[in-house]
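Structural features, examined
These are the residues of each chain, in order.
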Amino acid sequence: MKENFYGKLNQVECNNDIDLYVEEIRTNGFAIVENALNEDELIGYREKIDAVYQVQEADFGVDKLKSINEKDICRMPLKYDDYFINIATNKIVLEIVEKFLGKFYILSLQNAIINRPQEKHHQSSWHRDLPYQNFTISNPLSINALFCIDKFSKETGSTVVVPYTHNTEILPSDKYIAKHSTVVTAKAGSVIVFDSMLFHKAGYNSSNIIRRSVNNQYQIPLLKQFYDFPEALNGKFSDDEFLKQLLGYTSKTPMDDVKWRENRIEKFM
C-alpha cells in the first residue's frame, strides 16, 4: 500500500527485493537475505571450511595461530578449493554490490570464521571491516557479504551490530552500544550484507554447536586488496572476463611507467 505524505517530500523508489535490501543497507547499515544457499551447499561448505582450516592449522601451527589471534580463522579458502568461487559470485549478493559500487569492483578478501562452543573468538571485539578508517562518506567504498553456514542466533554467538554506525566517525559510548546494539539472527543459508564501515562483532557461542560463516568483502579497485588473489591463484579463473575483474587481475598496480603503458595498450588493442 502506498503511504500518504504531504509537504515538499521525495521518497525512495522501491520496486523489488534488491531495492529494499539496498535501502536497508543505506539506512540501517545491513540487510538479511534469506535462502541464499540451499542445504546441500551448506553441507558442502561446512565440510570444506573445516578441511581447509585443518590444513592451515597444520601448516602454521595452532600455538602460532593463537599467539597472533588467528585461531579458527580460515583465510582465503578460495586458494585451497575452487568451490569457494561459487559463494563469492552469489547472484543476489552481486546485484546488491553493483547497486553501491557500480560494475567495476573487486573481491578484497574471503575468510571463513569458525565460532566454537564456549570459546571466545578474536572477532568478538568491535571493529569495522575497513579497519583503522574512521570517516563518513555518502556512498560506500566497500560492501561485505557474511554467509551464515550455520544458524545465527544469540546462543550460537551471532554477529552483533550497532545500526546506523556506518554513518558515524567513531565508536559510540558503551551506554549507547548497550542500548542500541542488535543481535542479527538469521537462518543457515542466509547472508548478512552490510556496509563495511558498520561497527560489528561476533557474539559468544554459548550453544553446543559450531557456528561457521564465510565473509566476502567487495570494494572499489582504488582500495588495495586484503589478499593478492592474482598472485595467490597464479592465473586461475583469469580466462573468465568477469572473474578476471572480480579477483583483481585487471587492477593490479603496474611496476613502473613502461608496464602501465603496456597494460593500457592491451586494453586498447
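A brief report on the enclosed structure follows. As the structure is a prediction and not an experimental result, all values here were calculated from the model.

Moving on, we come to the environment of Val22. Along the chain, the position of Val22 falls in helix H1 (residues 17-28). The class for Val22 is buried, based on a relative accessible area of 10%. Considered as a pair, Val22 and Ile96 are 74 residues apart in the sequence and their alpha carbons are 6.4 Å apart. With residues near it in sequence (within four places) discarded, Val22 still touches Ile96, Lys99 and Phe100.

Grouped together as the largest cluster of nonpolar side chains are 49 residues, with contacts concentrated most on Ile96, Phe147, Ile149, Tyr218 and Leu247. Phe30, Leu146, Ala186 and Leu198 belong to the second largest nonpolar core, which has 10 residues in total.

On to the sheet that holds strand E6 (residues 182-183). What the 3 strands build is an open sheet, ordered E6-E5-E8; its pairing is antiparallel. Among the strands making up the open sheet, the edge pair consists of E6 and strand E8 (200-202).

Turning our eyes to something else, we now look at H1. With 12 residues, H1 ought to run about 16 Å at 1.5 Å a step, and its terminal C-alpha atoms sit 16 Å apart, in line with that. The set of residues buried in H1 consists of Ile18, Asp19, Tyr21, Val22 and Ile25. For H1, the angular spread of the buried residues around the axis is 160°, confining them to a single face. For H1, the elements touching its buried residues are strand E1 (30-33), helix H5 (91-101) and strand E7 (191-195). Taking the backbone nitrogen of Ile18 as reference, a side-chain oxygen 3.2 Å away marks Asn16 as the first, capping residue of H1. Positioned one or two residues after H1, Gly29 has a phi angle of 100°, which is positive.

About the criteria used
- Residues numbered from 1 in each chain as written.
- Predicted model: local features only at pLDDT ≥ 70, side-chain atom pairs only at ≥ 80, totals over all residues.
- Heavy atoms only, no water.
- Helix = DSSP H or I, 4+ residues; strand = E, 2+ residues; numbered from the N terminus.
- Buried < 20%, exposed > 50% of the residue type's maximum accessible area, 1.4 Å probe, protein only.
- Contact = heavy atoms within 4.5 Å.
- Core = buried A, V, L, I, M, F, W, Y, C linked by side-chain atoms within 4.5 Å.
- Pairing = 2+ DSSP bridges.
- Expected span 1.5 Å × (residues − 1).
- Arc of directions from axis to C-beta.
- Polar contact = N/O pair within 3.5 Å; in protein donor to acceptor, adjacent residues only side chain to side chain.

Note that all results are geometric; they support no functional claim without further evidence.
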